[in-house]
Amino acid sequence: MDDLAPFYPTLIPLAFFFWGPALVMLLFWLVGLWARRLGVARALESDWDGFSKDDVEKLFAAYGERLRAAYRYKLLPADAAVALTYAIVGGVLIAGLSMRGYPWWVAALCGGGWLFGGLCDIAENLAVARLLDRYPRVEEGTVAFASGFTRIKLVLFALGVVGAIVAAYLAFKPLAV
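Residues numbered from 1 in each chain as written. Predicted model: local features only at pLDDT ≥ 70, side-chain atom pairs only at ≥ 80, totals over all residues. Heavy atoms only, no water.

A. Focus on the overall build of the chain. Each helix and strand counted, the chain has four helices and zero strands in total. Starting at the N terminus, the α and β elements of the chain follow one another as α-α-α-α. Over its C-alpha atoms, taken along the principal directions, the chain stretches across nearly 75 × 30 × 20 Å. Within the span of the chain, comprising 177 residues, buried residues form 45% of the whole. Surface summary for the chain: the accessible area is close to 9700 Å², and the carbon and sulfur share equals 69%. (Helix = DSSP H or I, 4+ residues; strand = E, 2+ residues; numbered from the N terminus. Buried < 20%, exposed > 50% of the residue type's maximum accessible area, 1.4 Å probe, protein only. Areas by Shrake-Rupley, 256 points an atom, 1.4 Å probe, with all protein chains shown as cover.)

B. Broad picture of the nonpolar core. Membership of the largest hydrophobic core comes to 46 residues, with the highest contact counts inside it found for Phe-17, Val-40, Val-56, Phe-60, Tyr-71, Leu-93 and Trp-114. Ranked by the residues each element gives to this core, the list is headed by helix H2 (residues 53-99), at 17 residues. Residues within four places of Phe-17 in sequence aside, it is in contact with Ile-12, Leu-93, Gly-96, Leu-97, Arg-100, Ala-167, Ala-168, Ala-171 and Phe-172. (Core = buried A, V, L, I, M, F, W, Y, C linked by side-chain atoms within 4.5 Å. Contact = heavy atoms within 4.5 Å.)

C. Geometry of unusual backbone geometry. For the bond from Tyr-135 to Pro-136, the omega torsion is 20°, close enough to zero to count as cis. Summarising the element assignment, Pro-136 is placed in the loop between helix H3 (104-134) and helix H4 (140-172).

D. How the structure looks around the pattern of salt bridges. Applying the stated criterion to the full structure yields seven salt bridges. Residues Glu-124 and Lys-153 are paired through a salt bridge, measuring 3.3 Å at the closest nitrogen-oxygen approach. Of this pair, Glu-124 sits in helix H3 while Lys-153 sits in helix H4; the two residues are 29 residues apart in sequence, bridging distant segments of the chain. Taken as a pair, Glu-124 and Lys-153 share a single burial class, namely buried. When the shortest N-O distance is used, the salt bridge between Glu-139 and Arg-130 registers 3.3 Å. With a relative accessible area of 38%, Arg-130 lands in the partly exposed category. One network of salt bridges, in which partners are shared, links Arg-130, Arg-134, Arg-137 and Glu-139. (Salt bridge = Lys/Arg side-chain N within 4 Å of Asp/Glu carboxyl O.)

E. Molecular detail of a nonpolar patch on the surface. Taken together, the side chains of Leu-26, Trp-29, Leu-30 and Leu-33 make up a nonpolar region of the molecular surface, amounting to roughly 390 Å² of accessible area. Mapped onto the secondary structure, Trp-29 falls in helix H1 (residues 16-38). (Patch = residues over 30% accessible without salt bridge, like charges linked within 9 Å, V, L, I, M, F, W, Y side chains within 5 Å.)

F. View of the state of the cysteines. Counted according to the given criterion, the structure contains zero disulfides. The thiol of Cys-110 is unpaired, and the distance to the nearest cysteine sulfur, on Cys-120, comes to 19 Å. A relative accessible area of 11% places Cys-120 in the buried class. (Disulfide = S-S within 2.5 Å.)

G. How the structure looks around H3. Taking 1.5 Å per residue, 31 residues should reach 45 Å; H3 reaches 42 Å between its end C-alpha atoms and fits that length. The largest bend along H3 measures about 55° and falls at Gly-111. (Expected span 1.5 Å × (residues − 1). Bend = angle between axes of the 7 residues up to and from the residue.)

H. Structural detail: the packing of aromatic side chains. Taken as a whole and assessed by the stated rule, the structure comprises ten aromatic pairs. Their ring planes at 85° and their centres at 4.7 Å tell us that Phe-18 and Trp-19 sit as a pair that is edge-to-face. By relative accessible area, which is 58% here, Trp-19 ends up exposed. Consider the rings of Phe-60 and Tyr-135, whose centres lie 5.7 Å apart with planes at 80°: the pair is edge-to-face. Here Phe-60, found in helix H2, pairs with Tyr-135, found in the loop between H3 and H4; they are 75 residues apart in sequence, far enough to count as distant. (Phe/Tyr/Trp six-rings, centres within 6.5 Å; stacked < 30°, edge-to-face > 60°.)

I. Up close: the packing of H2 against H3. Taken N-terminus to C-terminus, the directions of H2 and H3 make an angle of 160°; their axes are 7 Å apart at the nearest point. By the criterion of interaxial angle, the relationship of H2 to H3 is roughly antiparallel. In this structure, the crossing between H2 and H3 has a hand that is left-handed. Each residue belonging to the contact of H2 with H3 can be placed in one class, and the counts come to 26 nonpolar, eight polar and five charged. (Axes fitted to C-alpha atoms, helices over the stretch in contact; angles between N-to-C directions. Parallel < 35°, antiparallel > 145°, perpendicular 65-115°, else oblique. Left-handed = near helix turned anticlockwise from the far one by under 90°. Nonpolar A, V, L, I, M, F, W, Y, C, P; charged D, E, K, R; others polar.)

If you want it as structure tokens, here you go:
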């Protein structure tokens, strides 16, 4: 007797494993494009080595009042929305894989990068917002907090991209049998 294809729960449809990560990457790209259009270089949020108090002071001084306001009130909320989106997508990837019979640790390896990376991104955005609100007084502790979460976020986002690809493979794998 032939084995039947495994049952796929309808709570998290199979298409989510493609369209969820596609949405994350599209939003990530669109926020980057919007930042470029606003003229705000996102040097702090993409610095793999972290940043110092001097880096923040130089960058914020170079922005001027108009670009600091655009960064604070336009770009950071959009970036926080993207962070929340990829955190949710990471959580749904974990739930979707576990519903399909994969162990929690496998599911967590696939979706955990985006889940925790999104939370780190939100923490980083709150710290950068605080730095912008208190400029020209830049606090060393807030800079260290933001810089640390930036580095963690970048690593976790990259791992989340790989995890999303693996999650899609695992979700679609039984269909190839």
